[in-house]
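Descriptive structure summary
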Amino acid sequence: MLGENDSLLFQKSYFDESYFKMPVHDSEIVLCNRKISTYINALAQAGFAVEQMIEQTDEATMQASGDITDKAKKAKMLPISFCIKARKL
């Protein structure tokens, strides 16, 4: 959620990995947020070595200005995706 002066306000803890429902069109989907460490630890437990991690927001979003959506404003403050390059040991 965006607050005053385009500040980003969190509505739940980063550490809360519980499932939640989100309305999409005429139905609902079930999602959960995961910590980065959850992904890294799952890879390690499955026998992978992490070689690289990239956090990214696309360049068009980063360069957007003026009347942009709240989602775009959030994406300029936090990465919208990340990629992990891992190798099986």
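All figures in this text were calculated on a predicted structure; none of them were measured in a lab.

1. Quick look at the pattern of salt bridges
Enumeration according to the criterion identifies three salt bridges in this entry. A salt bridge links Lys12 to Asp16, with the nearest nitrogen and oxygen atoms 4.0 Å apart. Between Lys85 and Glu51 there is a salt bridge, with the nearest N and O atoms lying 3.7 Å from each other. Remark: Glu51 occurs in strand β3 (residues 48–56) and Lys85 occurs in strand β4 (residues 81–88); sequence separation between them is 34 residues. Several salt bridges share partner residues, and in doing so they unite Glu51, Lys85 and Arg87 into one network.

2. A word on a nonpolar patch on the surface
Taken together, the side chains of Phe10, Met77 and Leu78 make up a nonpolar region of the molecular surface, amounting to roughly 320 Å² of accessible area. Counting through the fold element by element, Met77 comes out in the loop between α3 (70–75) and β4.

3. Points about the side chain of Thr57
Its place among the elements puts Thr57 in the loop between β3 and α2 (59–63). A polar contact of 3.3 Å, which involves the side chain of Thr57, links it to the backbone nitrogen of Ile80. Beyond its immediate sequence surroundings of up to four residues, Thr57 is in contact with Met62, Ala75, Leu78, Pro79 and Ile80.

4. Focus: unusual backbone geometry
Keep in mind that most residues, glycine aside, have a negative phi and that most peptide bonds are trans. Of note in the backbone geometry, His25 takes a positive phi value of approximately 55 degrees without being a glycine. Tracing the sequence through the fold places His25 in the loop between β1 (19–24) and β2 (27–32).

5. Looking at the layout of surface pockets
Size it by volume and the largest pocket reaches roughly 1300 Å³. Along its surface, the largest pocket is lined by 25 residues, and Phe10, Asn33, Lys74, Leu78 and Pro79 are the ones closest to its centre. The greatest single-element share of the lining of the largest pocket, amounting to three residues, is contributed by α3. Along the lines of polarity and charge, the residues of the lining of the largest pocket split into 16 nonpolar, four polar and five charged.

Cut-offs and rules
Residues numbered from 1 in each chain as written. Predicted model: local features only at pLDDT ≥ 70, side-chain atom pairs only at ≥ 80, totals over all residues. Heavy atoms only, no water. Salt bridge = Lys/Arg side-chain N within 4 Å of Asp/Glu carboxyl O. Helix = DSSP H or I, 4+ residues; strand = E, 2+ residues; numbered from the N terminus. Patch = residues over 30% accessible without salt bridge, like charges linked within 9 Å, V, L, I, M, F, W, Y side chains within 5 Å. Areas by Shrake-Rupley, 256 points an atom, 1.4 Å probe, with all protein chains shown as cover. Polar contact = N/O pair within 3.5 Å; in protein donor to acceptor, adjacent residues only side chain to side chain. Contact = heavy atoms within 4.5 Å. 1 Å grid on protein atoms, 1.4 Å probe; cavity = no way out; pocket = protein on both sides within 12 Å on 5 of 7 lines; lining within 4 Å. Points joined across faces, edges and corners; volume = space filled by probe spheres on them. Nonpolar A, V, L, I, M, F, W, Y, C, P; charged D, E, K, R; others polar.

Structural measurements only, silent on function.
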